[in-house]
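Below are the chains, spelled out letter by letter.
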Amino acid sequence: MLEGLATAVNHRRWFVELALPYLGNNPIEIGSGLGDYAIEWAPFLERFTATEADPDRLVALKERLAGEPSIEVRQMLLPSNEQGDYSAAVSYNVLEHIEDHVGALRSMRDLVRPGGAIVLIVPAFQFAMSPADIATGHVRRYTKKTMRAALEEAGLEVETLHYANALGLIGYYMATSVFRLMPKEGPMVKVYDTVVLPVTKAAERVVRPPFGQSVFAVARVPA
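Read on for a plain summary of the structure. These numbers come from a predicted model, not from an experiment.

Taken as a whole and judged by the stated rule, the model has 11 salt bridges. Close ionic contact of Arg 113 with Asp 85 constitutes a salt bridge, the shortest N to O distance being 3.5 Å. Taken together, the positions of Arg 113 in strand β5 (residues 112-123) and Asp 85 in the loop between β3 (71-75) and β4 (86-92) put the pair 28 residues apart, joining distant regions of the chain. With a closest N to O distance of 2.6 Å, Arg 141 and Asp 133 form a salt bridge. Here Arg 141 matches Asp 133 in class, with each residue buried. Each of Arg 12, Arg 13 and Glu 40 takes part in salt bridges that share partners, so that together they form one network.

Right under this line is the structure:
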């Protein structure tokens, strides 16, 4: 699925922009996958740490980011007991894969200095749980309420919490739950990314939607 959605450039850049104000100068990304977001964020930062839990994926990630001097690549699996002093932890579409998601959030908290941010995107609404979600290892989908509850249980202070990509939720539900398709590179992704996504992004800059394909969350490590 990562490879299939790598061509959704406008979608990725939108989500890159959402996180940038909160990353500080030395963030760590949990679950960097192919490194698409790391490559987009790194030019704006002094240092960036990309991580991956899967050993095979980690090798591919190191190879891809070898030419990026400001990016360190390392293995990391959450929950963990590691302590850190990163300016922020950012994790996109990873938390839904982790059974102990509160434990994972506590681990992110412990990696970040006091006052730093935890920046998350997770898939929204349990009714949209589809064969595609199950095939890619999703344990759950979130609402703003359940995301807030997990963040607060992990000892974090919620700063920003909203839905993103309202039209994307409708399209995702129809494609994966009604027609039982897997998200992948092709005409549907291209039309969505070049036609639908810019309209959605512009509209959501003006009005926050009451639903969306994703939940965007920012929480702070208590000072």
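Next up on the list: the packing of helix α2 (residues 9-19) against helix α9 (residues 187-206). Contact geometry for α2 and α9: axes closest at 8 Å, N-to-C directions at 25°. Judged by the angle between their axes, α2 and α9 are roughly parallel. Between α2 and α9, the residues in contact are Val 9, Asn 10, His 11, Trp 14 and Glu 17 and Tyr 192, Asp 193, Thr 194, Leu 197, Thr 200, Lys 201, Glu 204 and Arg 205, respectively. Here the residues of the contact of α2 with α9 are counted per class, giving four nonpolar, four polar and five charged.

Right, let's get into the nonpolar core. Generally speaking, a soluble globular protein has its nonpolar side chains buried in company with each other. Judged by nonpolar contacts, the single largest core of 34 residues is most densely connected at Leu 95, Leu 105, Met 108, Leu 120 and Met 147. Contributions of two or more residues to this core are made by β4, α5 (101-111), β5, α7 (144-153), β6 (157-164) and β7 (214-220). With five residues, the top contributor of residues to this core is α5. The next biggest cluster of nonpolar side chains, apart from the first, holds 30 residues, and it includes Ala 50, Ile 121, Tyr 192 and Val 218.

Scoring rules and cut-offs
- Residue positions are given per chain, counted from 1 along the sequence in the order it is written.
- The model is predicted, so local features are restricted to residues of pLDDT at least 70 and side-chain atom pairs to those at 80 or more, both for listing and for counting; the totals for chains, interfaces and linings are taken over all residues.
- Side-chain numbers come from the whole structure's heavy atoms, not from hydrogens or water.
- Think of a salt bridge as a Lys or Arg side-chain nitrogen and an Asp or Glu carboxyl oxygen that are within 4 Å of each other.
- Only DSSP runs of H or I covering at least 4 residues are called helices, and only runs of E covering at least 2 are called strands; the numbering of each starts at the N terminus.
- Exposure classes here rest on a 1.4 Å probe applied to the protein chains alone. A residue is buried below 20% of its type maximum, exposed above 50%, and partly exposed in between.
- In this analysis, axes come from line fits to C-alpha atoms, helices being fitted only over the stretch in contact, and the angle between any two N-to-C directions falls in the range 0 to 180 degrees.
- Here roughly perpendicular refers to angles of 65 to 115 degrees, roughly parallel to angles under 35, roughly antiparallel to angles over 145, and oblique to all remaining angles.
- Two residues form a contact once any of their heavy atoms are found within 4.5 Å.
- Here the nonpolar group is Ala, Val, Leu, Ile, Met, Phe, Trp, Tyr, Cys and Pro; Asp, Glu, Lys and Arg are the charged ones; every other residue, Gly included, is treated as polar.
- In these notes, a set of buried Ala, Val, Leu, Ile, Met, Phe, Trp, Tyr and Cys residues joined through side-chain atoms within 4.5 Å is what counts as a nonpolar core.

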